[in-house]
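Architecture at a glance
The chain contents come next:
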Amino acid sequence: MNFSHPKMKVLIVEDEPKIAQVLVDFLSLEGFDSQVLHDGLNAVETINQGNVDFVILDLMLPHKDGLSICKEVRQFSNIPLLMLTARVEEIDRLIGLEIGADDYVCKPFSAREVVARVKTILRRIETPPLTNEDEIAYKHLLINIQRFKCNVSSVEVDLTPVEFRLLHTMLKRPGVVHSRDSLMQVCYVDDRVVSSRTIDSHIKNLRSKLTVNNTQGNLLHSIYGVGYKVE
């Protein structure tokens with residue numbers, strides 16, 4: 001992916017001006033244009049206008065918090081979204097991922113790390129895992145790897161990059177049990193330490209999306225103490 005031509009537009013929703021400016025500066029060095037909002041009041045409206053390619057969203061914001069914003073945005077858009085949080089408690093990070101955030105970074109952080117995460121998420125969307133087939137069909141599911149599309153009973157369902165990678169991995173080998181560790185490697189290719197509960201949260205969210213408009217039962221099954229499989 002060429003991030004600098006045309007320039008991709010990043011919306012930074014961050015109430016600390018110094019942090020926001022550092023992110024603007026580092027993103028600019030990598031060819032991104034940035035827009036900054038210092039509170040959450042108009043964030044959803046700004047994203048809904050369609051002039052943004054990526055969102056960096058702080059968890060704690062004046063007027064409207066990041067989780068509420070993320071939840072509202074996911075009602076109408078699958079735009080890539082990276083959450084920033086000063087809360088190190090695992091439950092806050094899991095809630096953020098469950099409602100549709102693609103990734104998170106804990107404060108204090110390196111601006112270079114944030115930019116690297118942005119580029120990684122965009123690469124996942126632009127170049128999904130390669131396969132010999134453009135599409136995988138299984139029962140009532142159909143995924144198009146190159147177009148990053150998922151259909152459930154002929155109805156398109158929006159998946160986050162992590163959810164798409166999880167589903168793609170399991171659909172390639174129906175009936176095979178995938179351990180949480182192997183699924184974590186699929187989801188996060190930057191060798192970070194991720195709790196197995198994070199994978200459980202992604203699976204829960206993916207399962208919920210796949211059961212919408214589906215009358216043929218749940219395809220994602222958990223194997224106690226082992227992992228997950230598509231049945």
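In the block above lies the structure referred to throughout.
Scope of this entry: the structure provided in the associated data block. (Residues numbered from 1 in each chain as written. Predicted model: local features only at pLDDT ≥ 70, side-chain atom pairs only at ≥ 80, totals over all residues. Heavy atoms only, no water.)

So, the sheet that holds strand β7 (residues 141-144)
Spatially, the 4 strands line up as an open sheet ordered β6-β7-β8-β9, and their pairing is antiparallel. Two strands close off the open sheet at either side, each with one partner strand: β6 (135-138) and β9 (155-156). In this structure, β7 lies alongside strand β8 (residues 149-152), joined through 4 bridges in antiparallel fashion. Bridge pairing in β8 places Ile-143 opposite Cys-150. (Pairing = 2+ DSSP bridges. Helix = DSSP H or I, 4+ residues; strand = E, 2+ residues; numbered from the N terminus.)

Comments concerning the nonpolar core
Counting 27 residues, the largest nonpolar core has Ile-143, Leu-166, Leu-167, Met-170, Leu-171 and Leu-210 as the members making the most contacts within it. Listed by contribution, the elements that provide at least two residues to this core are β6, β7, β8, α6 (161-171), α7 (180-187), α8 (196-211) and β12 (227-230). Looking at this core, the element that brings in the most residues is α6, giving 6 residues. Residue contacts for Met-170: discarding those within four places in its chain leaves His-178, Leu-183, Ile-203, Leu-220, Tyr-228, Lys-229 and Val-230. (Core = buried A, V, L, I, M, F, W, Y, C linked by side-chain atoms within 4.5 Å. Buried < 20%, exposed > 50% of the residue type's maximum accessible area, 1.4 Å probe, protein only. Contact = heavy atoms within 4.5 Å.)

A few points about the sheet that holds strand β3 (residues 54-58)
If you walk across this open sheet you meet the 5 strands as β2-β1-β3-β4-β5, and the pairing is parallel. The open sheet has two edge strands, β2 (33-37) and β5 (103-106), and neither has a second partner. Direction aside, neighbouring strands of the sheet carry axes that sit 20° apart on average. Bridge count for β3 against strand β4 (residues 81-85) is 4 bridges, and the pairing is parallel. Within the sheet, the bridge partner assigned to Ile-56 lies in β4 and is Leu-82. In this fold helix α1 (residues 17-29) packs onto β1 (9-13), β2, β3 and β4, with an angle of close to 165° to the strand it touches most, β1. Strand contacts of helix α3 (residues 66-73): β3 and β4, with the helix running at about 150° to β3, the strand carrying the most contacts. (Axes fitted to C-alpha atoms, helices over the stretch in contact; angles between N-to-C directions.)

Some thoughts on the pattern of salt bridges
The tally for this structure, following the rule as stated, stands at 12 salt bridges. In this structure, Lys-107 and Glu-16 form a salt bridge, with 3.5 Å as the shortest nitrogen-oxygen distance. Here Lys-107, found in the loop between β5 and α5 (111-126), pairs with Glu-16, found in the loop between β1 and α1; they are 91 residues apart in sequence, far enough to count as distant. Judged by its relative accessible area of 14%, Lys-107 falls in the buried class. Residue Glu-30 is joined to Lys-119 by a salt bridge in which the shortest nitrogen-to-oxygen separation is 3.0 Å. (Salt bridge = Lys/Arg side-chain N within 4 Å of Asp/Glu carboxyl O.)

As for the packing of aromatic side chains
What the rule picks out here adds up to 1 aromatic pair. On the basis of an interplanar angle of 35° and a centroid distance of 4.4 Å, the ring pair of Phe-148 and Phe-164 is categorised as tilted. Here Phe-164 lies in helix α6 and Phe-148 lies in the loop between β7 and β8, a separation of 16 residues in the sequence. Given a relative accessible area of 15%, Phe-148 falls into the buried group. The exposure class assigned to Phe-164 is buried, which follows from its relative accessible area of 1%. (Phe/Tyr/Trp six-rings, centres within 6.5 Å; stacked < 30°, edge-to-face > 60°.)

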